[in-house]
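Descriptive structure summary
In case you want the letters, here they are:
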Amino acid sequence: MTLKIFEIDSMLQGVQGLIWDRVNGHKWWKNELQEKEGGLAKFAEGYKVFGLTRDESSVTYREWLPAAKQAFLIGEFNGWTNETPLKSEGFGRWAVTLPDKADGTPVVPHKCQVKVRIETQDGQWIERVPAWTRAAWQDHSTNLFNGVHWDPPASERY
C-alpha cells in the first residue's frame, strides 16, 4: 500500500518511515479505542465517567493513570491521608467507589477539596489535581491548586 502524498510531494521520500509510523499508530489507537472504549465517540464522553461522579447512593472517582503503580484519592474528607486507595480497572483506568454515609450524606461533600496521590513506576510520589475536576481552588498560602468536588444541592443548581 502506498499513500498518494508520496507521489504528490517527492520531498517526503526521506521521511516515509516516520509518516507510516504515524499512520500505523493512528490505526492501532483507533482499534484500541474501539475494543476497550466502544469507539472514539464514546471515548470522547469521558466526562461522564471520569473525575468525581455521583449516583443515587455513592460517589465514584475515576482517573486515567497509565503509568501509576498505585494511587489514592486524598482530600479534606479523609484528612489528606492514603486511606482511600484506587483500584486498577485496566487500560490505565483507576477508580474507587465511596458509598454514602449511614445518614445518606456523601463521603465527599460538595466543595470538598481533593487531589490524587500517585506512586509512579520508579517509586516517586506525586500529587495532582484530578484531570476531570469541575472546579479548582488556589491555596494562597502555597499558590498550589486543589481540585474541588462540585456537586451542589438541587436548590443551588442553575
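Model, not experiment: these values are computed from the prediction. (Residues numbered from 1 in each chain as written. Predicted model: local features only at pLDDT ≥ 70, side-chain atom pairs only at ≥ 80, totals over all residues. Heavy atoms only, no water.)

When its secondary structure is counted, the chain shows three helices and nine strands. Along its sequence from the N terminus, the chain presents helices and strands in the succession α-α-α-β-β-β-β-β-β-β-β-β. With the C-alpha coordinates aligned to their principal axes, the bounding extent of the chain is approximately 70 × 35 × 30 Å. In the chain, which comprises 158 residues, the share counted as buried stands at 34%. Taking the intrachain contacts of the chain between residues at least 6 apart in sequence as the baseline, contacts between residues at least 24 apart amount to 55%. (Helix = DSSP H or I, 4+ residues; strand = E, 2+ residues; numbered from the N terminus. Buried < 20%, exposed > 50% of the residue type's maximum accessible area, 1.4 Å probe, protein only. Contact = heavy atoms within 4.5 Å.)

Taken as a whole and assessed by the stated rule, the structure comprises 10 salt bridges. One salt bridge in this structure joins Arg54 and Asp151, with 3.8 Å as the shortest N-O distance. Of the two residues, Arg54 is situated in strand β1 (residues 51-54) and Asp151 in the segment after β9 (144-149); the sequence distance between them amounts to 97 residues. Here Arg54 falls in the partly exposed class, since its relative accessible area comes to 31%. On the basis of relative accessibility, which here comes to 19%, the residue Asp151 falls in the buried class. The partner of Glu89 in a salt bridge is Arg62, with the nearest N and O atoms 2.8 Å apart. Residue Glu89 is found in strand β4 (residues 87-90), and its partner Arg62 is found in strand β2 (residues 58-64); the two are separated by 27 residues along the sequence. (Salt bridge = Lys/Arg side-chain N within 4 Å of Asp/Glu carboxyl O.)

Another aspect to go through is the packing of aromatic side chains. Summed over all chains, the structure comprises four aromatic pairs. Ring geometry for Phe6 and Trp20: centres 6.5 Å apart, planes at 45°, overall tilted. Here the residue Phe6 occupies a position in helix α1 (residues 4-8), and Trp20 occupies one in helix α2 (residues 16-37), the gap between them amounting to 14 residues. Trp20 carries the same exposure label as Phe6, and that label is buried. When the ring of Phe50 is compared with that of Trp132, the centres are 5.4 Å apart and the planes differ by 15°; the resulting orientation is stacked. On the criterion of sequence distance, the pair formed by Phe50 in the loop between α3 (40-43) and β1 and Trp132 in the loop between β7 (125-128) and β8 (135-139) is long-range, its members being 82 residues apart. Residue classification places Trp132 among the partly exposed positions, given a relative accessible area of 36%. (Phe/Tyr/Trp six-rings, centres within 6.5 Å; stacked < 30°, edge-to-face > 60°.)

Glancing now at the sheet that holds β1. Overall, antiparallel pairing links the four strands, which are arranged β1-β2-β5-β4 in an open sheet. Of all the strands in the sheet, just β1 and β4 have a single pairing partner and so form its edges. Ignoring which end each strand starts from, the neighbouring axes of this sheet average 30° apart. Across seven bridges, β2 lies against strand β5 (residues 93-99) in antiparallel orientation. Each bridged residue has a counterpart across the sheet, and for Thr60 the counterpart in β5 is Thr97. (Pairing = 2+ DSSP bridges. Axes fitted to C-alpha atoms, helices over the stretch in contact; angles between N-to-C directions.)

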